[in-house]
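# Breakdown of the fold
Read off the chains here:
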Amino acid sequence: MKILSIGNSFSQDAQKWLHDICKTAGHDVTCINLYIGGCSLEHHWERYLDDEPEYRYELNGVDKKAITLKEALSADKYDIITLQQVSHLSAYKETYVPYLENLYNVVKEAQPDAKIYIHHTWAYQDGHKSDFDNDSEKMYKRVTDGYKFAAELIGCSLIKVGPFIQYLRRNLPEFDSKTGINITRDGYHLSLTYGRFAAGLIWFATLVGGDIDKVDLIPLEIDGVPADKQIIEKIKSAAKEFLKTV
């Protein structure tokens, strides 16, 4: 299976451990992320039109080269392609139009057999700057409305990372916004181990149909320090319970 994400740092977060998660569970999945920091749907569409090599091509979590969107769409045959809005615009329905439909149409023309998904991203941590009183729950509700609109607009399913991150904040004391470990590393991007691992699990279950019980991965911090195995197991258990509800 080959997965291509047309995204930014939030798809980078979601894909970082995805290849390794799949590998430990016995699935051969190639994971490609097209990265432009802070890239909106409008900017993706502009880059498609001008054909500038602004994207970084990240293969299985490793940066490889610069590329254009047209080059990436024609370079291989993909089973799944994901789209998403930039986080600070994801709550606003008007920002999806017409750019999401435009991108969907050119993606389907280039890759007619690929299944298109929308990556439902997450709300910021409590206390971090947003248009919603810096309140994670308020932002989450509006972002969810935005992505529901987007999915209906192009008739695609959602990868529900945002709902799972909020589920962890609500249900695991380890990730309580006020007393626990931040599941983001800066209030916005997912933490390098727990947050990125949580996102990868939802992609794995949603896109690959994989068995979370077979995942045997302890992600590492940049300095090589492994995540706490007990917390990783709690995230896996929480993911199984969450997926029963969606």
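Attention here is on the structure that accompanies the text. Everything numeric in this text was worked out from a predicted model, so none of it was measured. (Residues numbered from 1 in each chain as written. Predicted model: local features only at pLDDT ≥ 70, side-chain atom pairs only at ≥ 80, totals over all residues. Heavy atoms only, no water.)

Two numbers describe how helix H5 (residues 99-110) lies on helix H6 (residues 136-154): the axes approach to 10 Å, and their chain directions differ by 45°. Taken together, the axes of H5 and H6 lie oblique to each other. The two elements H5 and H6 meet at a crossing, and its hand is right-handed. On H6, the residues touching Leu 100, Glu 101 and Tyr 104 of H5 are Ala 150, Leu 153 and Ile 154. (Axes fitted to C-alpha atoms, helices over the stretch in contact; angles between N-to-C directions. Helix = DSSP H or I, 4+ residues; strand = E, 2+ residues; numbered from the N terminus. Parallel < 35°, antiparallel > 145°, perpendicular 65-115°, else oblique. Left-handed = near helix turned anticlockwise from the far one by under 90°. Contact = heavy atoms within 4.5 Å.)

Taking 1.5 Å of rise per residue, the 12 residues of H5 would be expected to cover 16 Å, and the 17 Å separating its terminal C-alpha atoms lies within 8% of that figure. Among the residues making up H5, those that are buried are Leu 100, Leu 103, Val 106 and Val 107. End-on, the buried residues of H5 take up no more than an arc of 140°, which puts them together on one face. Of the surrounding secondary structure, the elements contacted by the buried residues of H5 are strand S1 (2-7), helix H3 (41-50), helix H4 (69-75), strand S5 (80-83), strand S6 (115-120) and H6. (Expected span 1.5 Å × (residues − 1). Buried < 20%, exposed > 50% of the residue type's maximum accessible area, 1.4 Å probe, protein only. Arc of directions from axis to C-beta.)

Note that the residue after Val 97, namely Pro 98, is joined by a cis bond; omega there is 0°. By the secondary structure assignment, Pro 98 is in the loop between S5 and H5. Positioned with a positive phi, Asp 133 is a non-glycine residue whose angle comes to about 60°. Relative to the assigned elements, Asp 133 resides in the loop between S6 and H6.

A complete count under the given rule lists 10 aromatic pairs for this structure. For the pair Trp 45 and Tyr 48, a centre-to-centre distance of 5.5 Å together with 10° between the ring planes defines the contact as stacked. Of this pair, Trp 45 and Tyr 48 both sit in helix H3, 3 residues apart, which is roughly one turn of that helix. In this structure Tyr 48 comes out as buried when scored by relative accessible area, which is 17%. Residues Tyr 92 and Phe 132 carry aromatic rings whose centres are separated by 6.1 Å and whose planes lie at 25° to one another, so their mutual orientation is stacked. Here Tyr 92 is found in the loop between S5 and H5, whereas its partner Phe 132 is found in the loop between S6 and H6, with 40 residues between them in sequence. On the accessibility criterion, Phe 132 (9% relative accessible area) is buried. Aromatic rings pair up to connect Tyr 96, Tyr 147 and Phe 149 into one cluster. (Phe/Tyr/Trp six-rings, centres within 6.5 Å; stacked < 30°, edge-to-face > 60°.)

Moving on, we come to the side chain of Asn 8. By the element assignment, Asn 8 lies in the loop between S1 and helix H1 (9-15). Its relative accessible area of 3% is what places Asn 8 among the buried residues. Only 2.9 Å separates the side chain of Asn 8 from the side chain of Gln 84, close enough to count as a polar contact. Once you skip the residues sitting within four places of it in the chain, Asn 8 turns out to touch Asn 33, Leu 34, Tyr 35, Ile 36, Gly 38, Cys 39, Gln 84, Gln 85 and Val 86. (Polar contact = N/O pair within 3.5 Å; in protein donor to acceptor, adjacent residues only side chain to side chain.)

Don't take any of this as a statement about function, it's just geometry.
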